[in-house]
Amino acid sequence: MMQDKPVLLMKKVINLFFRELDAMNTEKLQEPISGHNMIVIEYLIKHEEPVYQRDLENHFFVRRSTISKVLRLMEEKGMIERLSVHDDARLKQIVLTDYGRRIHGAAVHHAQMLEEKLYRNFTEEEMDMLLLLLKKLEHNMEETEKETLC
């Protein structure tokens, strides 16, 4: 169907972006660091207040099981720690380790290089339009999700 084409194209671009980012990080950092690991690390770097698993679930619109698996693997690799909260034993604060911070510093450069490749043939007007359209898509999907919950 013609209607499916933009969605399939978005999915393909996202998959290609993350595949390239994964390969670049693995090659340059000499360790298999996934693009998903990188976006979690970026989120943790940017948030000074305590971050919990539910914050990541809500921000990235993923299921608890999905983010739980990502966090478990990141913890096994030594990128994060999950610290108990003294007020609520069920809560675990997600904290970057020194190793996680070092990965971020090196990988930011790789992501910037990849973004430059991704947008190299875009004019400033096209970039503005792309951002506008993506924000509209995001809004529509958030509205759809709210409708589903009601």
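What you see is a predicted model; the values in this text were computed from it and never measured. Throughout this description, residue numbers start from 1 for each chain and increase along the sequence as written. Totals for whole chains, interfaces and linings use every residue, but because this is a predicted model, local features are given only for residues with pLDDT of at least 70 and side-chain atom pairs only at 80 or more, for both listing and counting. Only hydrogens and water are set aside when side-chain values are computed; all heavy atoms of the structure are taken into account.

Focus on helix H1 (residues 5-29)
Link 1 in the chain: Given a rise of 1.5 Å per residue, 25 residues ought to cover 36 Å, and the 35 Å separating the end C-alpha atoms of H1 matches this to within 8%.
Link 2 in the chain: Partly exposed residues are those whose accessible area sits between 20% and 50% of the maximum for their type, while under 20% is buried and over 50% is exposed, using a 1.4 Å probe and protein chains only. Secondary structure is summarised from DSSP: a helix means a run of H or I of at least four residues, a strand means a run of E of at least two, and numbering begins at the N terminus for each. What H1 keeps buried is the set Phe17, Phe18, Leu21, Met24 and Asn25.
Link 3 in the chain: Between two residues, a contact is recorded if the distance between any of their heavy atoms is within 4.5 Å. On the buried face of H1, the contacting elements are helix H2 (35-46) and helix H5 (98-119).
Link 4 in the chain: Where H1 ends, the next residue or the one after it, Gln30, has phi of about 60°, a positive value. An expected span of 1.5 Å times one less than the residue number is assigned to each helix.

Comments concerning the pattern of salt bridges
Link 1 in the chain: Any Lys or Arg side-chain nitrogen found within 4 Å of a carboxyl oxygen on Asp or Glu counts as a salt bridge. Inspection of the entire model under this criterion finds 5 salt bridges.
Link 2 in the chain: We note a salt bridge from Asp88 to Arg90, for which the minimum N-O separation is 3.1 Å.
Link 3 in the chain: Looking at Arg90, the relative accessible area reads 73%, which means it is exposed.

A few points about the packing of H2 against helix H3 (residues 53-60)
Link 1 in the chain: Helix axes are fitted to C-alpha atoms over the stretch in contact, other axes to C-alpha atoms as well, and angles between N-to-C directions run from 0 to 180 degrees. Close contact between H2 and H3 brings their axes to 12 Å; oriented N to C, the two are set at 115°. Classed by the angle they form, the pair H2 and H3 counts as roughly perpendicular. Remark: the crossing between H2 and H3 carries right-handed chirality. Here Ile39, Val40 and Tyr43 of H2 lie close against H3, whose contacting residues are Asp55, Leu56, His59 and Phe60. Should an angle fall under 35 degrees it is called roughly parallel, over 145 degrees roughly antiparallel, and 65 to 115 degrees roughly perpendicular, with every other angle called oblique. Crossing handedness follows the turn of the near helix against the far one: under a right angle anticlockwise gives a left-handed crossing, and clockwise gives a right-handed one.

Observations concerning helix H4 (residues 64-76)
In an α-helix, one turn spans 3.6 residues, which is why side chains three or four residues apart end up on the same side.
Link 1 in the chain: Here H4 contains 13 residues, and its C-alpha end-to-end distance of 18 Å stays within 8% of the 18 Å for a straight helix at 1.5 Å per residue.
Link 2 in the chain: Looking at H4, one finds that the buried residues are Ile67, Val70, Leu71 and Met74. One side of H4 holds all its buried residues, which, seen down the axis, span an arc of 95°. Set apart from the buried face of H4 by more than 90 degrees, the exposed residues are Ser65 and Glu76. This arc describes the spread of directions from the helix axis toward the C-beta atoms.

Re the confidence of the model for the chain
Link 1 in the chain: For every residue, the predictor assigns a confidence score, pLDDT, that lies between 0 and 100. Across the chain, the average pLDDT comes to 86, with 95% of residues at or above 70.
Link 2 in the chain: Mean pLDDT in the chain bottoms out at H1, which sits at 83, and peaks at H4, which reaches 93.

Regarding the packing of aromatic side chains
Link 1 in the chain: When two rings of Phe, Tyr or Trp (its six-membered ring) have centres within 6.5 Å they constitute a pair, described as stacked for plane angles under 30 degrees, edge-to-face for angles over 60, and tilted for the intermediate range. On inspection of all chains with the given rule, the structure shows 3 aromatic pairs.
Link 2 in the chain: Arranged with centres 5.9 Å apart and planes meeting at 85°, the rings of Tyr119 and Phe122 form a pair that is edge-to-face.
Link 3 in the chain: What makes Tyr119 partly exposed here is its relative accessible area of 29%.
Link 4 in the chain: Using a relative accessible area of 36% as the deciding quantity, one classes Phe122 as partly exposed.

As for the side chain of His104
Link 1 in the chain: Relative to the elements of secondary structure, His104 occurs in helix H5.
Link 2 in the chain: Judged by relative accessible area, His104 falls into the buried class, the value being 13%.
Link 3 in the chain: A polar contact is formed between the side chain of His104 and the side chain of Glu42, at a distance of 2.7 Å.
Link 4 in the chain: Not counting the four nearest positions on each side in its chain, His104 is found in contact with Met38, Ile41, Glu42 and Ile45. As used in this structure description, the phrase polar contact means that two N or O atoms lie within 3.5 Å; if the pair is within protein, one of them must be able to donate a hydrogen and the other to accept it, and residues adjacent in sequence are counted only when both atoms belong to side chains.

Some remarks on a negative patch on the surface
Link 1 in the chain: On the surface, Glu124, Glu125, Glu126 and Asp128 cluster together to form a negatively charged patch.
Link 2 in the chain: Along the chain, the position of Glu125 falls in helix H6 (residues 124-149).
Link 3 in the chain: Overall, the relative accessible area of 59% leaves Glu125 in the exposed class. A patch consists of residues exposed above 30% relative accessible area that lack any salt bridge, with like charges linked at up to 9 Å and nonpolar side chains (Val, Leu, Ile, Met, Phe, Trp, Tyr) linked at up to 5 Å. A 1.4 Å probe and the Shrake-Rupley method give the accessible areas. Residues count as covered only by the protein chains that appear here. As used throughout, the charge tally considers Lys and Arg to be positive and Asp and Glu to be negative, leaving His and the chain termini uncounted. Where a charge lies is defined by one atom per residue type: Lys uses NZ, Arg uses CZ, Asp uses CG and Glu uses CD.

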